[in-house]
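Here is what each chain is made of, one letter per residue.
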Amino acid sequence: MPDIFIEEPESDTDAPAVEAQVPLKAPEQPDAKSRPQEASQQAWRERHKVNVSLMRTPTGKPGIFTAFAVTPSEIQFEDQEANEQILLLLRRHFITNVPWIFFAVLMLLVPLLLIPLLQSDIVSSFLDLVSPAFLFVALALYYLIVIGFILNEYATWFFQVGLITNIRVVDVDFNTLLSRNIAYTDLTDIVDTEAHQRGLLQGIFNFGNVGIQTAGVKANFEFTSIPLPNKVVDALSDLMRNVRRHE
Amino acid sequence: MNDFSAIIAIGSKAVVLLLIALYFIFSTLIFLNVRRLNTFVSITYSYLSTIIPLLFLIHLLLVLSLFFIALVIL
């Protein structure tokens, strides 16, 4: 993975290229012609200017198994502002799906593995009591539940996303399919960020947790098991520094 | 003995139908939640924004079909 985030150069030589790629518009004001408001718009643009290096290595369209995407195209979220651009799309590392995939394959194979058991006397005497129609319905229900389980697990992974934009951080938590929690925090409210990597697996596949500490009574954020946690922390730190520089 | 068999047959049919009905309700709630989330994180690229809720919908319809099949054949 290339270096996704390098401190933005002070010179204005690279700025036009970036602004050409992502036209950032300052919030519109009814009487924007006055000097103080022009200055305010200029300050807003400076504050939310997207980092050059980050823009240089976009990953484009995320696929169905993408867990880490830089400036992903064709992704939007509700309440996204007109001038807001998604810089990072984060999901759990795909390796975290291996346990449920293994379990699902096992569940799909269980009826096949039980076939030798059907020849035993105890099981065959039990099967004589139930009709073939009943067995068909039971088996169909079993497979539908297994397919439902696979869909649920995939959707849980797919929709549990973290988004880092040029304005804020969005955390969509979707622990069970019947509950969701969507949280936002502005980059200005972030106090500290930290990356944790524990265990052999996280070290080998380079994934871990990123904790985002926010100011005041606001809830802290945690992106769990995301790929390249150090890069994400680095990117967040640079974005925060950029925002604070223009405060 | 015949009465016992009849009770078992009716009981097992009722249990299976109840299980399918409960699973149908659960699947409906999940489908609605997925549809809502799909709107929230609108992944506008190609087929994905359509195919995931569609898979849930197909799954839901299969559960509903199974309920009626079970009602008829059991």
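See the structure printed just above.
All figures in this text were calculated on a predicted structure; none of them were measured in a lab.

Criteria and cut-off values
Residues numbered from 1 in each chain as written. Chains lettered and ligands numbered in written order. Predicted model: local features only at pLDDT ≥ 70, side-chain atom pairs only at ≥ 80, totals over all residues. Heavy atoms only, no water. Contact = heavy atoms within 4.5 Å. Buried area = accessible area lost by both parts, 1.4 Å probe. Salt bridge = Lys/Arg side-chain N within 4 Å of Asp/Glu carboxyl O. Polar contact = N/O pair within 3.5 Å; in protein donor to acceptor, adjacent residues only side chain to side chain. Nonpolar A, V, L, I, M, F, W, Y, C, P; charged D, E, K, R; others polar. Pairing = 2+ DSSP bridges. Helix = DSSP H or I, 4+ residues; strand = E, 2+ residues; numbered from the N terminus. Axes fitted to C-alpha atoms, helices over the stretch in contact; angles between N-to-C directions. Core = buried A, V, L, I, M, F, W, Y, C linked by side-chain atoms within 4.5 Å. Buried < 20%, exposed > 50% of the residue type's maximum accessible area, 1.4 Å probe, protein only. Phe/Tyr/Trp six-rings, centres within 6.5 Å; stacked < 30°, edge-to-face > 60°. Lys NZ or Arg CZ within 6 Å of the ring centre and 35° of its normal. Expected span 1.5 Å × (residues − 1). Bend = angle between axes of the 7 residues up to and from the residue.

### So, the interface of chain A and chain B
In this complex, chain A contributes 38 residues to the contact, which on the side of chain B involves 34 residues. When chain A packs against chain B, close to 3,200 Å² is buried across both sides, 77% of that on carbon and sulfur atoms. At the surface where chain A touches chain B, the tally comes to zero salt bridges. For the pair chain A and chain B, the number of links is two residue pairs in polar contact (both at pLDDT 80 or more). When its residues are assigned to classes, the side of chain A that touches chain B shows 26 nonpolar, seven polar and five charged.

### Looking at the sheet that holds strand β6 (residues 181-186) of chain A
Residue and element names in this part refer to chain A. Overall, antiparallel pairing links the five strands, which are arranged β1-β3-β4-β5-β6 in an open sheet. Edge positions in the sheet fall to β1 (68-70) and β6, since each has one partner strand and no second. When strand polarity is set aside, the average angle formed by the axes of neighbouring strands in this sheet is 10°. Pairing between strand β5 (residues 168-173) and β6: six bridges, direction antiparallel. Among the inter-strand pairings, Asp 173 is bridged to a residue of β6, identified as Asn 181.

### Topic: the nonpolar core
Counting residues in hydrophobic clusters, the biggest one holds 27 residues, and the most contacted among them are Phe 159, Leu 163 and Val 172 of chain A together with Val 34, Ile 52 and Phe 56 of chain B. Elements that contribute at least two residues to this core include exactly β2 (75-77), β3 (86-90), α6 (132-159) and β5 of chain A together with α1 (2-40) and α2 (48-73) of chain B. Per-element tally for this core: the top contributor is α6 of chain A, with six residues. Setting aside residues up to four positions removed in sequence, Phe 159 of chain A forms contacts with Val 172 and Phe 174 of chain A together with Val 34, Leu 37, Asn 38 and Ile 52 of chain B.

### Let's talk about the packing of aromatic side chains
Residue and element names in this part refer to chain A. Per the stated rule, a full pass over the model turns up nine aromatic pairs over all chains. Their ring planes at 80° and their centres at 5.5 Å tell us that Tyr 142 and Tyr 143 sit as a pair that is edge-to-face. These aromatic residues form a ring-pair network of at least three members: Phe 65, Phe 94, Tyr 154, Trp 157, Phe 158 and Phe 159. Above the plane of the ring of Trp 157 lies Arg 91, whose end atom (NZ or CZ) is 5.4 Å from the centre.

### So, the sheet that holds strand β9 (residues 221-227) of chain A
Residues and elements named next belong to chain A. Reading across the sheet, the three strands line up as β7-β8-β9 and stay open at both edges, with antiparallel pairing between neighbours. If you trace the sheet from one side to the other, it starts and ends with β7 (190-196) and β9, each paired once. Across the sheet, the mean angle from the axis of one strand to that of its neighbour is 20°, orientation sign disregarded. Judged from the six bridges that link them, β7 and strand β8 (residues 207-214) form a sheet pairing that is antiparallel. By the bridge assignment, Thr 193 is partnered in β8 with Ile 212. Each of β7, β8 and β9 touches helix α8 (residues 229-245); the most contacted strand, β7, lies at about 165° to it.

### Here we look at unusual backbone geometry
Residues and elements named next belong to chain A. We note that Thr 71 has phi near 40°; this positive angle belongs to a residue other than glycine. Note that Thr 71 resides in the loop between β1 and β2. The exposure class of Thr 71 is buried, given its relative accessible area of 8%. Backbone geometry places Asn 206, a non-glycine residue, at a positive phi of 55°. Looking at the element boundaries, Asn 206 is found in the loop between α7 (199-205) and β8. On the basis of relative accessibility, which here comes to 30%, the residue Asn 206 falls in the partly exposed class.

### Quick notes on helix α4 (residues 98-113) of chain A
Residues and elements named next belong to chain A. Taking 1.5 Å as the rise per residue, α4 with 16 residues should run 22 Å; its terminal C-alpha atoms sit 21 Å apart, in good agreement. Along α4, the largest kink reaches about 25° and is centred on Met 107; proline Pro 111 follows within four residues of it. Residues of α4 that are buried include every one of Trp 100, Ala 104 and Pro 111, and no others. If you follow the buried residues of α4, they end up packed against α6.

### Some points on the environment of Ala 183 of chain A
Residue and element names in this part refer to chain A. Looking at the element boundaries, Ala 183 is found in strand β6. It is 39 Å that separates the C-alpha atoms of Ala 183 and Ala 140, two residues lying 43 residues apart in sequence. Beyond its immediate sequence surroundings of up to four residues, Ala 183 is in contact with Val 169, Val 170, Asp 171 and Phe 221.

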